[in-house]
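Topology and contacts: notes
Chain by chain, the residues run as shown.
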Amino acid sequence: AAPPHPATEDLSRQRPFLKEHVAPFSTFLTDNFGRQHNYLRISLTEKCNLRCQYCMPEEGVPLTPKADLLTTEEILTLARLFVKEGVDKIRLTGGEPLIRPDVVDIVAQLHWLEGLKTIGVTTNGINLARLLPALQKAGLTAINISLDTLVPAKFEFIVRRKGFHKVMEGIHKAIELGYSPVKVNCVVMRGLNEDELLDFVTLTQGLPLDIRFIEYMPFDGNKWNFKKMVSYKEMLDTIRQQWPELEKLPEEECSTAKAFRIPGFLGQVSFITSMSEHFCGTCNRLRITADGNLKVCLFGNSEVSLRDHLRAGASEEELLKIIGAAVGRKKPRHAGMFSISQMKNRPMILIELFLLLQDSSPPASLSIFSQDPLHVQGLRPTVSFSNQMATFWKGRGIPQTPSWMGSGCPQRHYSSHADSDTNSKCLSPGSRVPAAHSGPWSTSDQLTHVDSEGQAAMVDVGGKPDTERVAVASAVVLLGPVAFKLVQQNQLKKGDALVVAQLAGIQAAKITSQLIPLCHHVALNHVQVQLELDSSRHAAVIQATCRARGPTGVEMEALTSAAVAALTLYDMCKAVSRDIVVGEVKLISKTGGQRGDFHRA
């Protein structure tokens, strides 16, 4: 006699549990721990119309040949089979599902499946406003939109494409068409966007949004680092400091999210705690990849090809046995957060999500931008963030692209923030005016970072009073005519050099104590980095301003910011010219210290 099929053996071991726990649900979709899998996620494509720095491995992702991807008919065949067995929710994912030409037709075909209650899509939002009316008419019932930042410049830096305002238009269109709540997925990563938590929460005040903060998770190629993960409890503490009345909402069965609402707010916030507090015990999800593999766990590396069996002519019964065997092998929970970072698994772009970060992610958390999220060039913030957002939504207006992004502008000025009363223009690099000192102790005859034995030591500032400290520093990068023109016209292959340099300068200010050994850590209240192009010298003039309240000054933060911004500009342009000079790194002014103020007039 022929040996029993492995799938049949696995299923037979599963049946004793099922006999003891009789439920009106498919035995093939119920695992050995009683979890009934009624939720199926189907990836429609591996392709995406964005190029997120953190979505793919650094070396890129080889895409599956088109012939090896599921056809539309194969997708619908598998969907019919799963729905027949009890799946009542299907979510279409990618890559980016809305770039698949027949996505509307797929939704319409799924809509006719008897027993299917929910058809959802997870999208980056770029094509959403254009396609959503047709998708809704076809039967789409739920929308998740991926958005990591409310700052247009940061968005463009992250995804290497323009499109922030298209995403916002997509969110608005979903609200306009009556989707409630519209779910917005935000992967939170330290050093990138954790400073925008409160800005995201503010959106829920007047909009029917469910802002879903997702803990950063490890996958192949994203070089997961535990230090980058911002835990659910840390995020919750940050929000509760601003809104202590935040209240927990009842959790739905099989929900992956912990939901909260601020009394009086129209929307809500949720937390996907995949890493710190797994929800495996109630997991009801299965996944089919674009190339037809069934994954029973997002973090698992075990897959079975339904495509191969389908194309080999497997009957419905044979497919169900294969599916049942895979479900039966599902583990009670995924490995711990440290173990799964070492596991071999697909890059996230080849499974379904977008927002997992790697070491090449933006170097700044960019708290400066949150003051003016919709007007990223040097425009003065005249209204609060929430008022700006309300105006945006009410008027459906899309802010115009800042002039410095145009390719034909004769002169480019870039500022993270412009204050008319505080050094809004970079100083001319040609001026050399002697420094002016004020205060009774302008300088010291002794080095403060040396102890009585001549050894290096950190200064004890414990007894000093907290005062408002401000420091301004500058640097100059002589680019040469070729590189200067490319920067001026924003034509560098690496991207917008002024944006990248500015982000680097902000980040450098925030981590100065990690770079300069004897510097104290300073909690900065404000960082401003300005870049101005000087066509007379083919140069970029950089000015960095740092502000904090504390017992020690911020001149090192300002100097580090200006210097790193200058070095970053060098790095962006070095492929064009080796004859680039970085110089004139100097302190322009400092105020608020015990030894008096300093001004280089």
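Described in the following lines is the structure provided in the data block. The shown structure was predicted, so the numbers you read here are calculated from the model rather than taken from an experiment. (Residues numbered from 1 in each chain as written. Predicted model: local features only at pLDDT ≥ 70, side-chain atom pairs only at ≥ 80, totals over all residues. Heavy atoms only, no water.)

**Considering unusual backbone geometry**
Cis peptide bonds are those with omega within 30 degrees of zero, and the linkage from Gly94 to Gly95 qualifies with 15 degrees. Of note, the amide linkage connecting Ser180 to Pro181 takes the cis form, showing an omega dihedral of 0 degrees. Mapped onto the secondary structure, Pro181 falls in the loop between helix H6 (164-176) and strand E5 (182-188). For Asn490, which is not glycine, the phi torsion reads 55 degrees and is therefore positive. With respect to the element layout, Asn490 can be found in the loop between helix H13 (481-488) and helix H14 (497-510). By relative accessible area, Asn490 is classed as buried at 19%. Even without a glycine there, the phi angle at Glu584 is positive, about 55 degrees. By the element assignment, Glu584 lies in strand E18 (residues 581-591). (Helix = DSSP H or I, 4+ residues; strand = E, 2+ residues; numbered from the N terminus. Buried < 20%, exposed > 50% of the residue type's maximum accessible area, 1.4 Å probe, protein only.)

**A word on the pattern of salt bridges**
What the rule picks out here adds up to 18 salt bridges. Among the salt bridges present, the one from Arg80 reaches Glu73, with a minimum N-O distance of 2.8 Å. Assessed through its relative accessible area of 37%, Arg80 is described here as partly exposed. According to the relative accessible area criterion, Glu73 is partly exposed, its value standing at 46%. (Salt bridge = Lys/Arg side-chain N within 4 Å of Asp/Glu carboxyl O.)

**A few points about the sheet that holds strand E3 (residues 118-123)**
Pairing in this open sheet of twelve strands is mixed, and the strands run E7-E8-E9-E6-E5-E4-E3-E2-E1-E10-E11-E12 from one edge to the other. Bordering the open sheet on either side are strand E7 (247-248) and strand E12 (303-305), each of which pairs with just one other strand. As judged from the five bridges shared by strand E1 (residues 39-43) and strand E2 (residues 89-93), these two strands associate in the parallel manner. Note on E2: the bridge partner recorded for Ser43 is Thr93. Where helix H3 (residues 103-111) meets the sheet, it contacts E2 and E3, and its direction lies at approximately 175 degrees from that of E2. (Pairing = 2+ DSSP bridges. Contact = heavy atoms within 4.5 Å. Axes fitted to C-alpha atoms, helices over the stretch in contact; angles between N-to-C directions.)

**Concerning the packing of aromatic side chains**
Applying the stated rule across the entire model yields six aromatic pairs. When the ring of Phe155 is compared with that of Phe164, the centres are 5.9 Å apart and the planes differ by 70 degrees; the resulting orientation is edge-to-face. A single burial state applies to Phe155 and to Phe164, both of which are buried. Members of the aromatic cluster, joined through ring pairs, are Phe200, Phe213, Tyr232, Phe260 and Phe271. (Phe/Tyr/Trp six-rings, centres within 6.5 Å; stacked < 30°, edge-to-face > 60°.)

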